[in-house]
Amino acid sequence: MAVPESVARHARKLRETLEYHSYLYYALDRPEISDAEYDRLFRELQELEAKYPALVTPGSPTQRVGSAPLKEFATVAHQVPMLSLNNAFEEEDVRGFDRRVREGLEAEDVAYAVEPKFDGLAVSLVYRDGALSQGATRGDGYTGEEVTANLRTVKAIPLRLAAAHAPELLEVRGEVLMLKKDFEALNREQREKGEKEFVNPRNAAAGSLRQLDPRITATRRLAFFAYGVGVARGEGLPRDTHSGLMDYLEKLRLPVSRERQVVRGVKGLLEYYRDIQARREKLPYDIDGVVYKVNDFAAQEQLGFVSRAPRFAVAHKFPAEEATTVLEDIEVSVGRTGALTPVARLRPVFVGGVTVTNATLHNEDEIRRKDIMIGDTVIVRRAGDVIPEVVAVVKEHRPKHARHFVMPAKCPVCGSAAARSEDEAVARCTGGLYCPAQRKQALLHFASRRAMDIEGLGDKLVDQLVDNQVVTTPADIYRLDVDTLADLERMGEKSAQNLVAAIESSKEATLARFIYALGIRNVGEATAKDLARHFGTLDALMEADASSLEEVRDVGPVVAKSIARFFAERHNREVIRDLRARGVRWAEDKAARRARQGAFAGKTFVLTGTLSAMTRDEAKDRIEALGGKVTGSVSKKTDYVVAGADPGSKYDKARELGVTILDEEQFANMLSG
Ligand code: IVH
C-alpha cells in the first residue's frame, strides 16, 4: 500500500519524539513525559507501521525487540584494537604516571580528562551514516563477538545518532552495565522464580549481553556509557581534546558520564579520586576506580603506547570490594534476641581495604540458597562499612571433603533448645536471659548510648561481669560499687570510680530511653518514643493490652504482641521493680503531658546541615520534648526544615515545596518559646 506523504511525515515525527524522550529517560534519567504518554506515542507508531509496513525502518524505536536466537556468535575483528589500561593502586603510582607524562611532553602542568571506570563490559558500536550497524564485545581486544541484535535491545544505545550531520563512520566505545537498582530487581525476580542469582551487576550485565537469544537480553535492563571512539571517518568529529569529543558524543545523544571533568596536575587527579570514592556507594552503577586521560589528542599521540597500553592514560583503581578465599568453618553466634546467626570463619583475605576473617551468612536458608559448604572457596564482599558477606561459592573449587552446615539443635552458648517458628528465617535460643550470650547483649544494649547511656560499660567488662556472675540482670548494674569493680581485670581504681559515677547519673532517665533500654523485641528507639508519648507512664504501658497498644502510631499486631508478651513475663516485671527500687527514675507523666500539649505538638521537623549550638541528637530530643516529630526526608507534610551550615539537598527540596526554612537562630528562638 502506498504511504501517503502526510502519514510518512507523521511517522517520522513520532519516531523523533520517541527517540528524544527515550534519550531523556534512559541516558539522562530526566524524563519530561509520563510513561503512559510515552507508551501512547509508541503504540501510535506501532499501529501506523502495522498499517503501512513500508514505514518500518531498522532504526525505528519499535525495532528493539529481540530477534530470533543464534546458534553461535560471529566474530568481529576490531579495526583499531581495543587495548587495556595500566593500573595504578597507590598515590605513588599516580605521581609516577603524571611524572612520565610531564617528562614525555616536556610540560609543567598537564590537563587531564577524568571519568569513572565503569565496572561492566567493553563494547564497540559502529554507526554508518548515523545508523547503528554493528555491535561487538571487546573479546581479546583484537577480535570480539558480534552481538548487534542484543545491543539493539539496550534502550540507552541510540539506534540512530541525533546530529543532522552524523559522520559517515563512527565507532563508539564504551561500557555496558547494569544499574544497581535493576540488578537488585533482577535478582529478586530470579529468587522468586527459584533461579540462580547473579553475583554482581557486572556478571549480570555480561550474562545478559552474551545471550544467544536476544529476546532474553531484551527483558534485562542494561545501561551504556560511552568513553571513547575507535575508527571514525567524515565531518564534524572534534580532533582536539577528549573532553571535546565527549561533549560531541553527548550531542549525538550517546550516554556519557555526568561525573566527567577536566582537572590539572596530580593534585587535581587525586582530588577527583577522593571525591568519587566518597560518593561511590551513592552512584547508580558500580565502578572499580577512575580513569585519567591526557586531554589533548596531540599530546596523547606524542606519548603513544607501550606494549598493549597507552602511556597517556591510566586506571586508578579502588581497593577491590570482592575477593576469593576459603571458608574454613561455620560457627553460630547468639544475638541479643537469641537469634542464632551462622558466621563464616574465613582464611584471612584483604578486601575493601581491610583484612577480613569473618563474614555473616545471615541464616540457614541463605546458606542453602547459595549452596555454601564448609571447605568451599567463596567470594567475599565488603563494600564501604557494610558487614562483610559471602556472596557466592566457586563451585569448580569445591574440595571432596566439603561438608554441609547443620544448624545446631541447641544454643551453642547455654545449651537451651534452639527453635525456629514457621514465619521466621532465623532460629532462636529459647534460653532468654538464662543464656549468658543473650544476657551480655541485653546488658550492652541497656547501657548503650541511646539507651541508659552508661559510659565505660563495654563488652570486655560485661563479659567479665556476666562470666563471674557479678551481674545477671540490668538491675544488678546498680548494685556495683568501686571495690567490686576495682577487683576486675584491667580495671583501676580511677576507672572504677568513673564507671560508678556514670551508673549513678544514668539513673536520671527518660521514659522513652528506659523503654528502649529494656530491649523488647521489635521496639526500637522510635517506637519506644511513641510508646512513651502515648502512654505517659510506665505503669500504663505495662497494663496495656494488645488492642490499646495497636492504637500507637506504627505499632502493628506483631509489635503489640511482643510488647505484651514482654510485660507478661514475671521475670521482666521483677527486674523493672528492682530497677526502680535501685533509684532509676524518669519524669513520667509531666513530660508526656507537656509534650502532648507542647508548643511543637503535631509539627514535623527535618534537620539538615551542621548546627553550631547542639548536635543533631540534641536538637531531636528537644523537638520531641516539645511534642514535635523529626523525620529524615522533606515532603509536603513537613512543617519546618531547620538548616544549619552547609545544608544538603533537603534544603533545596524544602524550597521547591515551599516548606518553612528556619536558620539556627530562628530555631533557637522557637525552642525557647
Ligand atoms: S578508556 C586504551 N575509559 O577499562 C584503553 N576504559 O583496561 C582505553 N573502562 O576494558 C580505555 N571505564 O572497558 C576507558 N572511562 C573509561 C572506562 C574504561 C571502564 C574499561 C574498558 C577496558 C578497561 C581498560
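Below, the structure is looked at part by part. (Residues numbered from 1 in each chain as written. Predicted model: local features only at pLDDT ≥ 70, side-chain atom pairs only at ≥ 80, totals over all residues. Heavy atoms only, no water.)

The subject of this paragraph is the sheet that holds strand β7 (residues 169-177). Strand order in this open sheet of four strands is β5-β4-β7-β8, and the pairing throughout is antiparallel. What marks the edges here is a single partner per strand, and that holds for β5 (131-137) and β8 (223-233). Neighbouring strand axes in the sheet, compared pairwise and without regard to direction, differ in orientation by 25° on average. Examined bridge by bridge, β7 and β8 share eight bridges and lie antiparallel to one another. For V172, the partnering residue across the bridge sits in β8 and is V229. Running over the sheet, helix α6 (residues 201-209) touches β4 (121-128), β5 and β7 and is turned about 45° from β4. Its contacts with the sheet place helix α8 (residues 242-251) against β7 and β8, and it is angled at close to 110° to β8. (Pairing = 2+ DSSP bridges. Helix = DSSP H or I, 4+ residues; strand = E, 2+ residues; numbered from the N terminus. Axes fitted to C-alpha atoms, helices over the stretch in contact; angles between N-to-C directions. Contact = heavy atoms within 4.5 Å.)

Now for empty space enclosed by the protein. Here the idea is plain: a probe the size of a water molecule rolls over the atoms and shows the empty space left. According to the stated counting rule, one finds one cavity of 30 Å³ or more in the structure shown. The calculated volume of the largest cavity comes to roughly 30 Å³. The wall of the largest cavity is formed by E115, F118, A226, Y227, M246, S257 and R260. (1 Å grid on protein atoms, 1.4 Å probe; cavity = no way out; pocket = protein on both sides within 12 Å on 5 of 7 lines; lining within 4 Å. Points joined across faces, edges and corners; volume = space filled by probe spheres on them.)

As a further point, take a negative patch on the surface. Side chains of D481, D483, D487 and E493 sit close together on the surface and give a patch of like negative charge. Within the element layout of this structure, E493 appears in helix α16 (residues 493-506). (Patch = residues over 30% accessible without salt bridge, like charges linked within 9 Å, V, L, I, M, F, W, Y side chains within 5 Å. Areas by Shrake-Rupley, 256 points an atom, 1.4 Å probe, with all protein chains shown as cover. Salt bridge = Lys/Arg side-chain N within 4 Å of Asp/Glu carboxyl O. Lys, Arg positive; Asp, Glu negative; His and termini not counted. Charge placed at Lys NZ, Arg CZ, Asp CG, Glu CD.)

Moving on, we come to the site of the ligand. Inspection of the region around the ligand gives 14 residues, with L85, E115, E175, Y227 and K293 positioned closest. E115 has a polar side-chain atom sitting 2.9 Å from a nitrogen atom of the ligand. Most atoms of the ligand, that is more than half of them, are within 2 Å of grid points of the largest pocket. Looking at the shell around the ligand, the elements that each hand over two or more residues are β3 (111-118) and β10 (287-294). The leading source of residues in the shell around the ligand is β3, at four residues. Among the residues making up the shell around the ligand, the classes are represented as eight nonpolar, one polar and five charged. (Near = heavy atom within 4 Å. Polar contact = N/O pair within 3.5 Å; in protein donor to acceptor, adjacent residues only side chain to side chain. Sits in = over half its atoms within 2 Å of the grid points. Nonpolar A, V, L, I, M, F, W, Y, C, P; charged D, E, K, R; others polar.)

Our next topic: the nonpolar core. A general trend in soluble globular proteins is that nonpolar side chains are found buried together. Within the largest apolar cluster, 54 residues are counted, with the highest numbers of intra-cluster contacts made by I454, I477, I515 and L531. Of the residues forming this core, the biggest block, six residues, is contributed by helix α17 (residues 511-517). In this structure, I454 is in contact with A447, I477, Y478, L499, A502, I503 and S506, ignoring residues within four places of it in sequence. By size, the runner-up hydrophobic cluster in this structure holds 34 residues, among which are Y127, L132, V147 and A204. (Core = buried A, V, L, I, M, F, W, Y, C linked by side-chain atoms within 4.5 Å. Buried < 20%, exposed > 50% of the residue type's maximum accessible area, 1.4 Å probe, protein only.)

To continue, consider the pairing of β7. Across the nine residues of β7, nine count as buried, placing the element largely inside the fold. Examined bridge by bridge, β4 and β7 share eight bridges and lie antiparallel to one another. Paired with V123 across the two strands is G174, which belongs to β7.

In this section: the side chain of N200. Relative to the elements of secondary structure, N200 occurs in the loop between α5 (180-192) and α6. For N200, the side chain forms a polar contact with the side chain of E322, separated by 3.2 Å. Not counting chain neighbours up to four residues away, the residues in contact with N200 comprise F183 and E322.

Time to look at the layout of surface pockets. Looking at the largest pocket, its volume works out to about 1400 Å³. Taken together, 44 residues make up the lining of the largest pocket; nearest its centre are L83, R173, Y227, G228 and V229. No other element matches β8, which puts five residues into the lining of the largest pocket. Class assignment for the residues of the lining of the largest pocket results in 22 nonpolar, nine polar and 13 charged. There is about 1200 Å³ of room inside the second largest pocket. Of all elements in the fold, only β20 (427-429), α12 (436-447), α21 (557-568) and α22 (570-581) reach the threshold of two or more residues within the lining of the second largest pocket. Top element by residues in the lining of the second largest pocket is α21. It accounts for six residues. Partitioning the lining of the second largest pocket into residue classes produces 15 nonpolar, 12 polar and nine charged.

Note that every value here comes from positions in space, so none of it alone points to a role or purpose.
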